[in-house]
Amino acid sequence: MIRDDEVIHAVSVIAAKRDAHELSDAQISWVIDAYTRGEVAAEQMSSLLMAIVLRGMGRREIASWTRAMIDSGRRVDLSGLRRDGRPLVTVDKHSTGGVGDKITLPLTPLVASFGVAVPQLSGRGLGHTGGTLDKLEAIPGWRSDLSGDEMVAQLEGVGAVVCAAGADLAPADRMLYALRDVTGTVESIPLIASSIMSKKIAEGTGALVLDVKFGAGAFLPDVEDARSLAETMVELGTDAGVRTSALLTDMNTPLGRAVGNAVEVAESLKVLDGGGPADVVELTLALAREMLDAAGLSAADPAEHLANGRAMDSWRAMIAAQGGDPDGSLPIARHQEVVTAPAEGVIVSMDARAVGDAAWRLGAGRSRPGESVQAEAGVIIHAKPGDRVRTGDALFTLHTQTPERVAGARSALVDAVVVGTDREVTPGPRVLDRVTA
Ligand code: URA
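Since the structure is predicted, the reported quantities are computational estimates derived from the model, not experimental observations.

Procedures and definitions
Residues numbered from 1 in each chain as written. Predicted model: local features only at pLDDT ≥ 70, side-chain atom pairs only at ≥ 80, totals over all residues. Heavy atoms only, no water. UniProt positions renumbered as here; feature names shortened; annotations may be inferred. Helix = DSSP H or I, 4+ residues; strand = E, 2+ residues; numbered from the N terminus. Buried < 20%, exposed > 50% of the residue type's maximum accessible area, 1.4 Å probe, protein only. Pairing = 2+ DSSP bridges. Axes fitted to C-alpha atoms, helices over the stretch in contact; angles between N-to-C directions. Salt bridge = Lys/Arg side-chain N within 4 Å of Asp/Glu carboxyl O. Near = heavy atom within 4 Å. Polar contact = N/O pair within 3.5 Å; in protein donor to acceptor, adjacent residues only side chain to side chain. Areas by Shrake-Rupley, 256 points an atom, 1.4 Å probe, with all protein chains shown as cover.

Novice: Please explain the UniProt feature "domain: Pyrimidine nucleoside phosphorylase C-terminal" (unreviewed entry) in the protein as it appears in this structure.
Specialist: According to UniProt, the positions carrying the feature "domain: Pyrimidine nucleoside phosphorylase C-terminal" (unreviewed entry) are residues 346-420. The span residues 346-420 is 27% helix and 29% strand, and its two end C-alpha atoms sit 5 Å from each other.

Below is the structure:
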């Protein structure tokens, strides 16, 4: 490791990591600051990122990299939030993304209904996993672009906010993520952990619960990679003074029975109304318990607020505060087609990735940042693993505004479902494990 008083330049930082040395705090803060200011060229940063992918980073280096990205922008301070003169506890949730993962929608108002402030800064979807903002924008009038003051007022009033992260939150991460996307350097646990945590720490939440997914539809399919990502993020949050825990959750099969935008909002409303698919309810309640525990409310029972309507009241207030009409009709696709079961038997597995790809091809997702998405597009799942089907029974209904997209979605689904004969299949729980500091 070089001494802090030595002159730092890009080539020496790249060479140090290439040769498997630890980078000093001074090297890391210099290189991120210089890259953000345009002093380090993209080809130099690409080279450093690839060296990090291949050589890794230790705990101190990852913490230092995260801090440098936070310091590239504004760090929000939510410690002054008050309701009725009393300080508000803030707890956020972050999911590494999955297919049919609409959990933020019921979870945010559910936790807020216990008097906790939930500042949920969310993003848009890219590829096979959907984005929370894209889903909520299916609600007529709802807007995601709140100012800092509007966000604070909503947290103090309603408690629940889902909005877009401002451009001044960890801007170095935004630049680095765009570069990683086109240089094959996304798949690195130190880089993923620091990218996610820089934004979450900068947003100023007091506590954070992470939903780290593994399986076919997850960002990191291997369970041990997902565990290692969870442990790294929990360490980063804890070291930064944010109470952080994680659940390791199964994303081999799509969550619930709706994948897309408006169709996921409709399914979330069923959960808020006390119903909805068992796996969506299971994960919503597990994450809510974890968040309430982090807020010091371990005796609270979130299932009660789904049953007695308080979570729904909180949802309605959250949607209305952001210009949405909680009673407005959700858009429905003009074109719908059914995909049928090819054989009789019990559904053994359903590949989440394939279903996510199908929804994306129908128009629910985008392939490049900035593209528009169809609020109406998506896939409704009629049978899940463990269900018995007969040849010709409906497996999926494909929803789109543009029928020419259906062929692509059908081809994505060709091998998505395995039907077995004479077998009992019992789907396992969604939550595999809990990771704490
Ligand atoms: N999501 C992020 O925000 N950053 C990554 O590096 C990967 C996923």
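Here the narrative resumes.
Novice: It is not clear to me how the pairing of strand β3 (residues 91-95) should be interpreted in this structure. Could you clarify?
Specialist: Along a regular strand, successive side chains alternate from one face of the sheet to the other. Counting buried positions along β3 gives 5 out of 5 residues, so the element sits mostly inside the fold. Residues V91, K93 and S95 point to one face of β3 and D92 and H94 to the other, with burial holding for every one of them. Pairing geometry for β3 and strand β6 (residues 207-214), over 5 bridges, is parallel. Residue pairing across strands places S95 opposite D211, the latter belonging to β6.

Novice: When you look at the sheet that holds strand β13 (residues 394-400) in this model, what are you seeing that I'm missing?
Specialist: Strand order in the open sheet formed by 4 strands is β8-β11-β13-β9, with antiparallel pairing between adjacent strands. The sheet is open, and its two edges are formed by β8 (258-260) and β9 (335-340), each paired on a single side. Here the average twist between neighbouring strands, direction ignored, is 15°. Here 3 bridges tie β8 to strand β11 (residues 378-381), and the two strands are oriented antiparallel to one another.

Novice: Help me understand the pattern of salt bridges, please; the structure alone is not making it clear to me.
Specialist: Pairing of side chains with opposite charge becomes possible as their charged atoms draw close. Taken as a whole and judged by the stated rule, the model has 28 salt bridges. Residue R37 pairs with E39 through a salt bridge whose shortest N-O separation is 2.4 Å. For R37, a relative accessible area of 47% gives the class partly exposed. Residue K384 is joined to D279 by a salt bridge in which the shortest nitrogen-to-oxygen separation is 3.3 Å. Placement of K384 in the loop between β11 and β12 (388-389) and of D279 in helix α12 (residues 278-294) is noted, with a sequence separation of 105 residues between them. Note on accessibility: K384 and D279 belong to one class, buried. Taken together, the shared-partner salt bridges connect E22, D25 and R60 into one network.

Novice: I'm lost on the site of the ligand in this one. Help?
Specialist: If you check the shell around the ligand, you find Y177, R180, I192, S195, I196, K199 and F219 and nothing else. With respect to the ligand, the side chain of K199 contributes an N or O atom lying 2.5 Å from an oxygen atom. Contact with the protein chains removes 87% of the 240 Å² of surface that the ligand exposes when unbound. Looking at the shell around the ligand, the elements with two or more residues in it are α8 (171-181) and α9 (189-202).

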